[in-house]
Amino acid sequence: MGIVTTIAPFALALIMLGLGASLTVNDFARVVKKPKEFLVGLVCQLIVLPIVGYLLIIILKTPIELALGVMLIAAAPGGVTSNVLTKFADGDVALSISLTAVTSLISIISVPFVVFLSIDLFDIDYVRKEISMIGISLKMFGVVTVPVIIGMLIRRFADDFIMRNMNIIEKSSIVLFIIVFVAIYIEEWDSIIMFLKTAGTIALTLNVVMMIIGFYVAKIFATGVAQQRCISLECGLQNGTLAVFVGIQLFGQDMTYMVPTAAYALIMMTTSVLFVIFLRKRT
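Anyway, here's the lowdown on the structure attached to this text. Bear in mind that the values here come from a model prediction, so they are computed numbers and not experimental data. (Residues numbered from 1 in each chain as written. Predicted model: local features only at pLDDT ≥ 70, side-chain atom pairs only at ≥ 80, totals over all residues. Heavy atoms only, no water.)

## So, the overall build of the protein chain
Then, number 1: Secondary structure assignment for the protein chain yields 13 helices and zero strands.
Then, number 2: When its helices and strands are written in sequence order, the protein chain yields α-α-α-α-α-α-α-α-α-α-α-α-α.
Then, number 3: Here the protein chain has a C-alpha radius of gyration of 18 Å; the compact-globule value for 283 residues is 19 Å, and the two agree.
Then, number 4: Based on the C-alpha atoms only, the size of the protein chain along its principal axes is roughly 45 × 40 × 30 Å.
Then, number 5: Sorting the 283 residues of the protein chain into buried and exposed places 57% on the buried side.
Then, number 6: Counting contacts in the protein chain only where the partners sit at least 6 residues apart, residues at least 24 apart contribute 86% of the total.
Then, number 7: When the accessible area of the protein chain is evaluated, it comes to approximately 12,500 Å², of which 71% is carbon and sulfur surface.
Then, number 8: On the protein chain, the mean spot of the 19 positive side-chain charges and the mean spot of the 17 negative ones are 12 Å from each other. (Helix = DSSP H or I, 4+ residues; strand = E, 2+ residues; numbered from the N terminus. Rg over C-alpha atoms; globule rule 2.2 N^0.38 Å. Buried < 20%, exposed > 50% of the residue type's maximum accessible area, 1.4 Å probe, protein only. Contact = heavy atoms within 4.5 Å. Areas by Shrake-Rupley, 256 points an atom, 1.4 Å probe, with all protein chains shown as cover. Lys, Arg positive; Asp, Glu negative; His and termini not counted. Charge placed at Lys NZ, Arg CZ, Asp CG, Glu CD.)

Below you can see the structure in the form of structure tokens.
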């Protein structure tokens, strides 16, 4: 698993740098000016998603060695991919960017909290004992928050250059995401095959259930169809690279937990693309 443990931190930092380069202060100001849809999406991602993940682990009797991997992906914020697919789905791209930005920054607290709470709830004893919640938060700050701030500064002083190359930045983030998970599939193929049915079932269920919940919760509380589509995709597309990074801090070279994360990454891309195609045919 050496390749993944080496490239994941760098890939995550570059992805977050790209996210920061796509942001302006207005993306955060929009949260205050139009808080309703943002709060709906935020609650779905930060609260509902981990709760659904936890309940599915119990209902589907997921093996304990996979449970924390499921909670890792459930705790992860939305990724840059959600912004791109929201655009293709004619969703509210501005809302998508705001949600991704804020949940990514909050993740340095929310992800360690959910992970360590899960360790206690499932009585997990196979994580590295020297790792603390504060330790993971500090490491996440270095590869999540700092690159976002640097990216925003680059956007501030080189706005024209960034805007001309935004498509390249978005595509590069997706390519980096794919590289990390291709490496996982190559290096952990035997484990993935061993747990494919169990991990695939809960990954597919979590993904589909959350997209449905996001869609119908937004239908009740959000203002329009574009916001519905955005929130649904934000609930279904998580930052898998961030989940991988946190997992590396917890498990080192032991990557069994990565199986549900890898399964979810493949499934979420497939279901989300199908969802976008379905939406585009309806409009």
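Once the structure has been displayed, the description carries forward.
## Here's the deal with the side chain of T271
Then, number 1: Topologically, T271 is positioned in helix α13 (residues 258–282).
Then, number 2: According to the relative accessible area criterion, T271 is buried, its value standing at 17%.
Then, number 3: From its side chain, T271 meets the backbone oxygen of M268 in a polar contact 3.4 Å long.
Then, number 4: Residues within four places of T271 in sequence aside, it is in contact with L204, N207, V208 and M211. (Polar contact = N/O pair within 3.5 Å; in protein donor to acceptor, adjacent residues only side chain to side chain.)

## Some details on the nonpolar core
The tendency in soluble globular proteins is for nonpolar side chains to be buried side by side.
Then, number 1: Membership of the largest hydrophobic core comes to 90 residues, with the highest contact counts inside it found for V115, M140, L206, V244, V246 and L250.
Then, number 2: Setting aside chain neighbours within four positions, we find V115 in contact with L68, L72, V246 and L250. (Core = buried A, V, L, I, M, F, W, Y, C linked by side-chain atoms within 4.5 Å.)

## Considering the packing of aromatic side chains
Then, number 1: Overall, the coordinates contain four aromatic pairs when judged by the stated rule.
Then, number 2: Between F177 and F181, the aromatic rings sit 4.9 Å apart at their centres with planes inclined by 45°, giving tilted as the arrangement. Of this pair, F177 and F181 both sit in helix α9 (residues 166–187), four residues apart, roughly one helical turn.
Then, number 3: F177 sits in the buried class, given a relative accessible area of 8%.
Then, number 4: Both rings, one in F215 and one in F275, keep their centres 6.2 Å apart while their planes meet at 90°; by these two values the pair is edge-to-face. With F215 in helix α10 (residues 189–221) and F275 in helix α13, this pair connects stretches of sequence that are 60 residues apart.
Then, number 5: On the basis of relative accessibility, which here comes to 17%, the residue F215 falls in the buried class.
Then, number 6: Each member of the aromatic cluster is reached from another via a ring pair, and the members are F215, Y216 and F275. (Phe/Tyr/Trp six-rings, centres within 6.5 Å; stacked < 30°, edge-to-face > 60°.)

## Remarks on the side chain of E37
Then, number 1: Residue position: E37 is located in helix α3 (residues 35–59).
Then, number 2: One buried charge, E37, has no salt-bridge partner; the nearest side chain with opposite charge is K36, at 6.0 Å.
Then, number 3: Look past the residues within four positions of E37 in its chain and what remains in contact with it is L95, A222, T223, Q227 and I231. (Salt bridge = Lys/Arg side-chain N within 4 Å of Asp/Glu carboxyl O.)

## Things to note about the state of the cysteines
Then, number 1: This model, assessed by the stated rule, comprises zero disulfides.
Then, number 2: Free of any disulfide, C230 has its nearest neighbouring cysteine sulfur in C235, separated by 9.0 Å.
Then, number 3: Classification of C230 by relative accessible area gives buried; the value is 0%.
Then, number 4: Considering cysteine sulfurs only, C44 is the nearest to C235, which forms no disulfide, with 4.3 Å between them.
Then, number 5: The exposure class assigned to C235 is buried, which follows from its relative accessible area of 1%. (Disulfide = S-S within 2.5 Å.)

## Topic: the pattern of salt bridges
Then, number 1: Tallying each qualifying case throughout the model produces two salt bridges.
Then, number 2: A salt bridge links E170 to K87; its shortest N-O distance comes to 3.5 Å. Placement of the pair is E170 in helix α9 and K87 in helix α5 (residues 80–88), with a sequence separation of 83 residues.
Then, number 3: K87 gets classed as partly exposed once you look at its relative accessible area, which sits at 40%.

## Section: a nonpolar patch on the surface
Then, number 1: On the surface, a nonpolar cluster with roughly 530 Å² of combined accessible area is contributed by V43, I47, I51, L55, I59 and L60.
Then, number 2: Looking at the element boundaries, L55 is found in helix α3. (Patch = residues over 30% accessible without salt bridge, like charges linked within 9 Å, V, L, I, M, F, W, Y side chains within 5 Å.)

Everything listed here is a matter of coordinates, which is why it stays silent on function.
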